[in-house]
Amino acid sequence: MRAFQVVSHDEGPKLVDIPTPTPGAGQIRVKIHACALNFGDLLMIKGTYQDTPPPPFTLGMEVAGIVDAIGPDTTGPEIGTRVLVFGGSGGLADYGVYEAASAVPIPKNMPFEEAAAFPVAYGTSHVALDYRARLQPGENLLVLGAAGGVGLTAVELGKLMGANVIACARGADKLRVAQSCGADHLIDATSADIRAEVKALGGADVVYDPVGGEQFKAAFRACRPEARLLPIGFASGDIPQIPANHLLVKNLTVMGLYWGGYLRFKPEVITNSMSTLFGWYDAGKLTPHVSHTLPLGEAAQAYELLRSRKSTGKVVVSIN
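First, a word on scope: everything that follows refers to the structure included in this document. (Residues numbered from 1 in each chain as written. Predicted model: local features only at pLDDT ≥ 70, side-chain atom pairs only at ≥ 80, totals over all residues. Heavy atoms only, no water.)

**Overview of the layout of surface pockets**
Inference 1: Counted as a void, the largest pocket has a volume near 1300 Å³.
Inference 2: What lines the largest pocket is a set of 49 residues, and nearest its centre among them are Phe39, Val150, Pro210, Gly233 and Ala235.
Inference 3: Looking at the lining of the largest pocket, the elements with two or more residues in it are helix H1 (39-46), helix H3 (119-132), helix H4 (149-160), strand S10 (164-169), helix H11 (299-307) and strand S16 (314-318).
Inference 4: No other element matches the five residues that H1 contributes to the lining of the largest pocket.
Inference 5: Split by residue class, the lining of the largest pocket holds 26 nonpolar, 17 polar and six charged.
Inference 6: Looking at the second largest pocket, its volume works out to about 310 Å³.
Inference 7: What lines the second largest pocket is simply Leu84, Phe86, Ala101, Ser102, Val104, Pro119, Trp259, Leu263, Pro267, Ile270, Thr271 and Met274.
Inference 8: Of all the secondary-structure elements, those providing two or more residues to the lining of the second largest pocket are strand S6 (82-86) and helix H10 (267-282). (1 Å grid on protein atoms, 1.4 Å probe; cavity = no way out; pocket = protein on both sides within 12 Å on 5 of 7 lines; lining within 4 Å. Points joined across faces, edges and corners; volume = space filled by probe spheres on them. Helix = DSSP H or I, 4+ residues; strand = E, 2+ residues; numbered from the N terminus. Nonpolar A, V, L, I, M, F, W, Y, C, P; charged D, E, K, R; others polar.)

**Considerations on the nonpolar core**
Here is a general trend for soluble globular proteins: nonpolar side chains tend to be buried in one another's company.
Inference 1: Formed by 87 residues in total, the largest nonpolar core has its most connected members in Leu59, Leu92, Phe118, Leu129, Leu141, Tyr208 and Leu230.
Inference 2: Examining the composition of this core, we find that seven residues originate from one element, H10, more than from any other.
Inference 3: Not counting the four nearest positions on each side in its chain, Leu59 is found in contact with Phe4, Val6, Pro13, Asp41, Met44, Ile45, Gly90, Gly91, Leu92 and Tyr303. (Core = buried A, V, L, I, M, F, W, Y, C linked by side-chain atoms within 4.5 Å. Buried < 20%, exposed > 50% of the residue type's maximum accessible area, 1.4 Å probe, protein only. Contact = heavy atoms within 4.5 Å.)

**Let's talk about the sheet that holds strand S1 (residues 2-6)**
Inference 1: Read from one edge to the other, the open sheet built from three strands follows the order S2-S1-S4, with strand pairing classed as antiparallel. Strands with a single pairing partner mark the edges of an open sheet, and in this sheet they are strand S2 (14-17) and strand S4 (57-58).
Inference 2: Relative to S2, S1 runs antiparallel, the two being bridged by four bridges. Counted as the bridge partner of Ala3 is Val16 from S2. (Pairing = 2+ DSSP bridges.)

**What to know about H10**
Inference 1: Compared with an ideal rise of 1.5 Å per residue, which puts 16 residues at 22 Å, H10 spans 23 Å between its outermost C-alpha atoms and is within 8% of the ideal.
Inference 2: Every buried residue of H10 is listed here: Val269, Ile270, Ser273, Met274, Leu277, Phe278, Trp280 and Tyr281. The arc enclosing the buried residues of H10, seen along the axis, measures out at 155 degrees, which places them on a common side. H10 presents Thr271 and Ser275 as exposed residues on the side facing more than 90 degrees away from its buried surface. (Expected span 1.5 Å × (residues − 1). Arc of directions from axis to C-beta.)

Structure (C-alpha cells):
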C-alpha cells in the first residue's frame, strides 16, 4: 500500500510502498478515505513534537474511513462501519491499524473529509473553552490565529457558547473567514496594536492562543482581572515566558491544553466532549471549514500550504 512517511529527520517525507498491515488483538484496520493535517505533523517531520515516533513512520494524526478488518478477540466497530480515529500517526496511507477503542462511528450525514477534520480542531477548542476555561456567556474571548485549524473552531464554538468573540488573524482575507464563523470583532495581527484594541473592547476574560510569541505577550497585557489564558501551541516558533508577578497582580490563570494527553490519563473528557460536538453537528450548529483537499500523491504540497499559512481552517488529504 501507499504511505507518506518520514524515513529520516534529515530528509523530507516521501511517498513509499509498504506492506498492508494486519490488525492484532483489540485492533481494527481502517480503509482510509481522508486524513487531516495538523501543525504537530510539521514538528514530527523535524522530530521536535512531544509524541514523535521513531523513523520510519507514516504521518497523519486524524483519519476517517471504513472498518475493513477486525483483529482476534476484538470488540468494536463492525466491518463496514464509517469511523474517525485519532491515531497520532499512520493516517496518510491507504490503510491504518488502530486500537478498536479509539474508533468513533461518525454521523451518517458527515462526509469523510469533514470527519477527518473534526476531532483535533473541534476537540481541542471545546475541551479548552468548556472543560478547562469554563467560558461563560457574555465573556470576552480573544482568539489568536483565528483563521487556523484550531483557531477557527474556537471562534465558532465561542460564539455558540455565548461569548463575545474577538478574532485576531493575519490579513483581511483570513479575518473575513473568522467573521463568517461568528467573530464579533476583528483585529489584523499584521498591523494592529493587539493590546490596545482588546483593552478598548473591555479586555479579555479568556485568551485562546495557538500562536505564542509577541501575540501572547500583547494578549497577556490586555487581560482583565481573573482572566484565563490557554496556550494551545506555538505556531510562531516562539514560546513565551510568563512573568509570575503579573499573574499575582491581576489574579490571572494560565492553563495549558494538550488535547491528545487526555486520551491517556482521562479519556472520559474526550468522550464527553465528542458526544457534545457530534450532537451540535447533527443539529446543524457546526460547519467544519476545509479550505483545501488534495490527493495523497500531493501530500507534500498539502503540508506546504500549512507551513506557509496559505490555508484557513483545515487541510485534508483525500485517499481511496
